[in-house]
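Secondary and tertiary structure notes
Chain residues, written in single-letter form:
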Amino acid sequence: MSETLLTLFEEAIRTVQARACFPGTERVNLDEAGGRILAEDIAADVDMPPFDKSAMDGYACRRTDLADVLMVIETIAAGREPERRVGAGECSQIMTGAGVPPGADCVIPVELTEPAGEGKVRFVGGELRDNICRRAEDIRKGDVLLRRGERVTPQAVAVLATVGAVTPLVARRPRVAVTATGDELVEPDKKPGPAQIRNSNAYQLHEQIVNSGAVPLYLGIAPDTEEGLDRAIGAAVSQSDVILLSGGVSMGKFDLVPGVLEENGFKLLFSKIAVKPGMPTVFGVRDRVFCFGLPGNPVSTFVIFEIIVKPFLYKMMGYDYRPFVAPLRLAETVRRRKSDRDQWMPVERVGGDAVRAVEYHGSAHLNALTQAEGLICIPRGTAQIEKGSVVDVRPI
Ligand code: AMP
Ligand code: MG
């Protein structure tokens, strides 16, 4: 294999983001649109509200008549058009969401009225707002409501439904092949023999891929041999946009992934990141297929996916992933002996507004991560962050 290509974390992010290429578009039904990234702007085809609408159950009338006994001339249910104009001394009983009849300029909520004889009501007094939502006060026909590159949230689905955008154009989801490498691995449904462990990375990655809006494609465990890895990479290339290999990227005699990737025509853009955990991370490109060689240790795999692969997958789909960072206090001082790398530390919440580092005694300590709710970054050159300092927490 060629020489090790060491890169700083921010360079690694820049390198992968610059390579991300769009996997194309497709139309999906509304019930499949959630979590997808829009590939078109969505404009309103209607005004909202489409007519002057009552905000209350009550009586629509003229404000100048509020002191009078009002004759009820009609009952207007939501979904029905008013039939009569409200004149002097008159009102129409109206339901929330129904169109306000012509002539009326306010709606008295039912709780501010009392009966005043057969078919008549009276305003009992107090401050009275119009209680009319004006036509187009929320949305004007032609307004662009959602933009290309936005992620479809449940709220955005409501907008799509409102404007009848029932088959929005979205980015195709990248297909992400996953292969776990290692002769020591058995699948989770097997009892590990001596010297074996269960493959957890492939399943962890599956969840992370799904949560990032991409499509996972599990290709099984590959052995630590050149032929085995060669076969796995060959299979992955033919059916995916992105390949994730776990393990086989560090300094051991059987860590063959970078070499086999190069033999398969991948150009390695880096093979080490100055980051902890996850230093031996490899990124290779072959035409429009991208391969990440992730460190085998589950904590490293998890963190590198979060900080490198996930932003890359989103970028492919045209989504500018900017995690919502929360500034929170450190409940306990964090210290480290060496400060030559950026270190991403899993943290858990303490009380309402503080976090502490999750204790884990090495990158293999995967159960420690189940308590983690966020990551903080200790920049290279910093050995200690004092208790009470405010740190930026990236939720996971
Ligand atoms: P490697 O990067 O292949 O040297 O693996 C580093 C460590 O991670 C070793 O202790 C492996 O046993 C462990 N490991 C590798 N792959 C997996 C996996 N798929 N699931 C759980 N642990 C793994
Ligand atoms: Mg291995």
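See the structure above.
Everything in this summary refers to the structure shown in the same document. (Residues numbered from 1 in each chain as written. Chains lettered and ligands numbered in written order. Predicted model: local features only at pLDDT ≥ 70, side-chain atom pairs only at ≥ 80, totals over all residues. Heavy atoms only, no water.)

1. Points about the sheet that holds strand S5 (residues 58-61)
Worth spelling out the cut-off: Criterion used throughout: strands pair if DSSP finds at least two bridges between them. Strands are runs of DSSP state E lasting at least 2 residues, helices are runs of H or I lasting at least 4, and numbering of each runs from the N terminus. Helix axes are fitted only over the stretch in contact, all axes being lines through C-alpha atoms; the angle between N-to-C directions runs from 0 to 180 degrees.
Sheet architecture is open: 6 strands sit in the order S8-S5-S7-S6-S10-S9, paired in mixed fashion. Edge positions in the open sheet fall to strand S8 (106-109) and strand S9 (113-115), since each of these has one partner strand only. Across this sheet, the average inter-strand angle for adjacent strands is 40 degrees, counted without regard to direction.

2. Here's the deal with the sheet that holds strand S17 (residues 215-222)
Put simply, the test is: In this analysis, two residues are considered to be in contact whenever any of their non-hydrogen atoms come within 4.5 Å of each other.
Here 6 strands make up an open sheet; going across it, the order is S17-S14-S18-S23-S22-S19 and the pairing mixed. Pairing within the sheet leaves two strands with one partner each, and these edge strands are S17 and strand S19 (267-270). Neighbour-to-neighbour, the strand axes of the sheet open up by a mean angle of 20 degrees, direction not taken into account. Sheet topology note: the strand S18 (residues 242-246)/strand S23 (residues 289-294) ladder contains 5 bridges and is parallel. In the strand pairing of S23, leucine 244 is matched with phenylalanine 292. Contacting strand S14 (175-181), S17, S18 and S23, helix H3 (residues 201-211) crosses the sheet at an angle of about 170 degrees to S17. On the sheet, helix H6 (residues 298-316) packs against S14, S18, strand S22 (282-286) and S23 and is oriented at approximately 170 degrees with respect to S23.

3. A look at the pattern of salt bridges
A side chain with one charge can pair with a side chain of the opposite charge if their charged atoms come near. To keep it simple, the criterion reads: Any carboxyl oxygen of Asp or Glu that lies within 4 Å of a side-chain nitrogen of Lys or Arg is treated as forming a salt bridge with it. Here's how the labels work: a residue is buried when its accessible area is under 20% of the maximum for its type, exposed when over 50%, partly exposed in between, all with a 1.4 Å probe on protein chains only.
According to the stated counting rule, one finds 20 salt bridges in the structure shown. Here glutamate 83 and arginine 80 are joined by a salt bridge, their closest N and O atoms 3.7 Å apart. Taking the relative accessible area as the measure of exposure, glutamate 83 reaches 65% and is therefore exposed. With its nearest N and O atoms 3.3 Å apart, the salt bridge here joins glutamate 348 to arginine 356. A relative accessible area of 19% places glutamate 348 in the buried class. The class for arginine 356 is partly exposed, based on a relative accessible area of 27%. The network of salt bridges with shared partners includes Glu10, Asp342 and Arg380.

4. Observations concerning a nonpolar patch on the surface
Rules: Here the term patch refers to residues with relative accessible area over 30% and no salt bridge, with like charges joined within 9 Å and nonpolar side chains (Val, Leu, Ile, Met, Phe, Trp, Tyr) within 5 Å. Working definition of accessibility: Shrake-Rupley area with a 1.4 Å probe, residue cover restricted to the visible protein chains.
Taken together, the side chains of Tyr203, Tyr218 and Ile221 present a nonpolar region at the surface, about 240 Å² in accessible area. One can find tyrosine 203 in helix H3. Residue classification places tyrosine 203 among the partly exposed residues on the basis of a relative accessible area of 37%.

Read these as spatial facts, not as claims about activity.
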